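# Results of the structural survey
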Amino acid sequence: MKNGEIWYDTAEICLNGHVSNEFSISYPESNKNFCDKCGEETITECPICDANIRGYLHIPGVGSLSKFKAPSYCDNCGNPYPWTAEKLNAAKELADLLDELSPEEQEQLKKSLDDLVKDGPRTVVAQTRFKRILSKTGPEIVTGFRDILVDVVSETVKKAIWGP
Ligand SMILES: [Zn+2]
Ligand SMILES: [Zn+2]
């Protein structure tokens, strides 16, 4: 184990995004082949570029700063991790089921989902569009999207769309 320096552990995360071990290097005895929450296979590397998934940030003399959260995108190749891609797909499928929307609105909703998850300059535009289109659906749809996206959108997006 490295002493006296700041380093990232490697996280072990299931394909659905459950963090099974954020200390897979320092506490390998807690590693699991399959998720104990959903039974999916776990990974410690990006399936596209094989870079390790960043886990817990070890800072000597400092305890845990915040709860570890599965990252949405690979910091090495920029592709969405499997759980992010899966949630985006699920949300887009839900968008396709909304008969109360026109096909154009469904398309706009799906496009805004990518930007919502990305947390870039277009996120605010996407938020506004997403809210406007969702206002034409029912509260159970709004809740449905929240349940799918809750772990892959930022706190700011969550507050802006679904309130505190
Ligand atoms: Zn899982
Ligand atoms: Zn990658």
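Residues numbered from 1 in each chain as written. Chains lettered and ligands numbered in written order. Predicted model: local features only at pLDDT ≥ 70, side-chain atom pairs only at ≥ 80, totals over all residues. Heavy atoms only, no water.

### Here's the deal with the overall build of the protein
Scanning the protein for helices and strands turns up five helices and five strands. Its helices and strands taken in sequence order, the protein reads β-β-β-β-β-α-α-α-α-α from the N to the C terminus. With the C-alpha coordinates of the protein rotated into their principal frame, the extents come out at 55 × 30 × 25 Å. The 164 residues of the protein split such that 38% are buried. (Helix = DSSP H or I, 4+ residues; strand = E, 2+ residues; numbered from the N terminus. Buried < 20%, exposed > 50% of the residue type's maximum accessible area, 1.4 Å probe, protein only.)

### Some points on the coordination of the zinc ion (ligand 2)
Distances from the zinc ion (ligand 2) to its protein donors, Cys-46 (SG), Cys-49 (SG), Cys-74 (SG) and Cys-77 (SG), fall within 2.3 Å. Coordination at the zinc ion (ligand 2) is tetrahedral: its four donor atoms span angles of 104 to 113 degrees at the metal. Every donor residue of the zinc ion (ligand 2) comes from the same chain, spaced as C-x2-C-x24-C-x2-C. Note on Cys-49: relative accessible area 25%, which makes it partly exposed. (Donors = N, O, S within 2.8 Å, 3.2 Å for Na, K, Ca; no water. Tetrahedral: all angles 85-135°; square planar, octahedral: opposite > 155°, others 65-115°.)

### Regarding the coordination of the zinc ion (ligand 1)
In this structure, Cys-14 (SG), His-18 (ND1), Cys-35 (SG) and Cys-38 (SG) serve as the protein donors to the zinc ion (ligand 1), at separations of 2.1 to 2.3 Å. Look at where the donors of the zinc ion (ligand 1) fall in the sequence and you get C-x3-H-x16-C-x2-C. Given a relative accessible area of 7%, Cys-35 falls into the buried group. What makes Cys-38 partly exposed here is its relative accessible area of 34%.

### Some words on the packing of aromatic side chains
This structure, assessed with the given rule, holds five aromatic pairs. On the numbers, 4.9 Å between centres and 25 degrees between planes, the contact of Tyr-81 with Trp-83 is stacked. Across the pair, Trp-83 and Tyr-81 agree in class, each one buried. Measuring from ring centre to ring centre gives 6.2 Å for Phe-130 and Trp-162, while their planes differ by 80 degrees; the resulting arrangement is edge-to-face. Of this pair, Phe-130 sits in helix 3 (residues 123-134) while Trp-162 sits in helix 5 (residues 155-162); the two residues are 32 residues apart in sequence, bridging distant segments of the chain. (Phe/Tyr/Trp six-rings, centres within 6.5 Å; stacked < 30°, edge-to-face > 60°.)

### Some thoughts on the domain arrangement of the protein
Each assigned domain of the protein is listed with its residue range as follows: domain 1 (1-77) and domain 2 (82-162). The straight-line distance from the C-alpha centre of domain 1 to that of domain 2 is 27 Å. Each side of the interface is counted separately: domain 1 has 13 residues, and domain 2 has ten residues. Roughly 830 Å² of surface becomes buried between domain 1 and domain 2 when both sides are summed, with 58% attributable to carbon and sulfur atoms. Summed over the shared surface of domain 1 and domain 2, the number is zero salt bridges. Where domain 1 packs against domain 2, one counts five residue pairs in polar contact (both at pLDDT 80 or more). The class makeup of the residues in the side of domain 1 that touches domain 2 is nine nonpolar, three polar and one charged. (Domains from an automatic or database assignment. Contact = heavy atoms within 4.5 Å. Buried area = accessible area lost by both parts, 1.4 Å probe. Salt bridge = Lys/Arg side-chain N within 4 Å of Asp/Glu carboxyl O. Polar contact = N/O pair within 3.5 Å; in protein donor to acceptor, adjacent residues only side chain to side chain. Nonpolar A, V, L, I, M, F, W, Y, C, P; charged D, E, K, R; others polar.)

### Some words on helix 4 (residues 139-149)
Of the positions making up helix 4, those classed as buried are Ile-141, Phe-145 and Leu-149. The buried residues of helix 4 occupy one face: seen down the axis, they fall within an arc of 60 degrees. Seen from the open side of helix 4, the exposed residues pointing more than 90 degrees away from its buried face are Pro-139, Glu-140 and Asp-147. Looking at the packing, one finds that the buried side of helix 4 touches helix 1 (82-96), helix 2 (103-118), helix 3 and helix 5. (Arc of directions from axis to C-beta.)

### Some thoughts on the sheet that holds strand 2 (residues 12-14)
In spatial order, the strands read 3-2-4; together these three strands make up an open sheet with antiparallel pairing. Looking at the sheet topology across the chains shown, the edges are occupied by strand 3 (19-21) and strand 4 (42-43). In terms of strand pairing, strand 2 meets strand 3 through two bridges, oriented antiparallel. Among the inter-strand pairings, Glu-12 is bridged to a residue of strand 3, identified as Asn-21. (Pairing = 2+ DSSP bridges.)

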